[in-house]
Amino acid sequence: MNIELICCPICQSDLEKKSETQLFCKKCDREFLIKNDIPILLKERI
Ligand SMILES: [Zn+2]
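What you see is a predicted model; the values in this text were computed from it and never measured. (Residues numbered from 1 in each chain as written. Predicted model: local features only at pLDDT ≥ 70, side-chain atom pairs only at ≥ 80, totals over all residues.)

Caption draft 1: Inspection of the sheet that holds strand β1 (residues 16-19) at higher detail. Taken in spatial order, the four strands line up as β1-β2-β3-β4 in an open sheet, and their pairing is antiparallel. Of all strands in the sheet, those bounded by a partner on one side alone are β1 and β4 (38-40). When the angles between neighbouring strand axes are averaged without regard to direction, this sheet yields 35°. Across three bridges, strand β3 (residues 30-35) lies against β4 in antiparallel orientation. Bridging across to β4, K35 finds its partner in I38. (Pairing = 2+ DSSP bridges. Helix = DSSP H or I, 4+ residues; strand = E, 2+ residues; numbered from the N terminus. Axes fitted to C-alpha atoms, helices over the stretch in contact; angles between N-to-C directions.)

Caption draft 2: Local environment of the pairing of strand β2 (residues 22-25). Residues L23 and C25 of β2 are buried on one face, while the alternating residues Q22 and F24, pointing to the opposite face, are not. Relative to β2, β1 runs antiparallel, the two sharing three bridges. Within the sheet, the bridge partner assigned to S19 lies in β2 and is Q22. Pairing analysis gives four bridges linking β2 to β3, with the strands arranged antiparallel. By the bridge assignment, C25 is partnered in β3 with R30. The hairpin formed by β2 and β3 contains four residues between the paired strands, and D29 there has a positive phi angle of roughly 60°. (Buried ≥ 20, exposed ≤ 12 C-beta atoms within 10 Å, placed from the backbone.)

Structure representation (structure tokens):
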């Protein structure tokens, strides 16, 4: 899957790949987990 196409569910800006299991949004300062290659894009902080 192409991780660069994924945007933040809160602010819709591009997410940065922080690690193999983490995405990060610079704009709203949130981290999102990637589980089994699927990003967990929840509005709540995990
Ligand atoms: Zn965001």
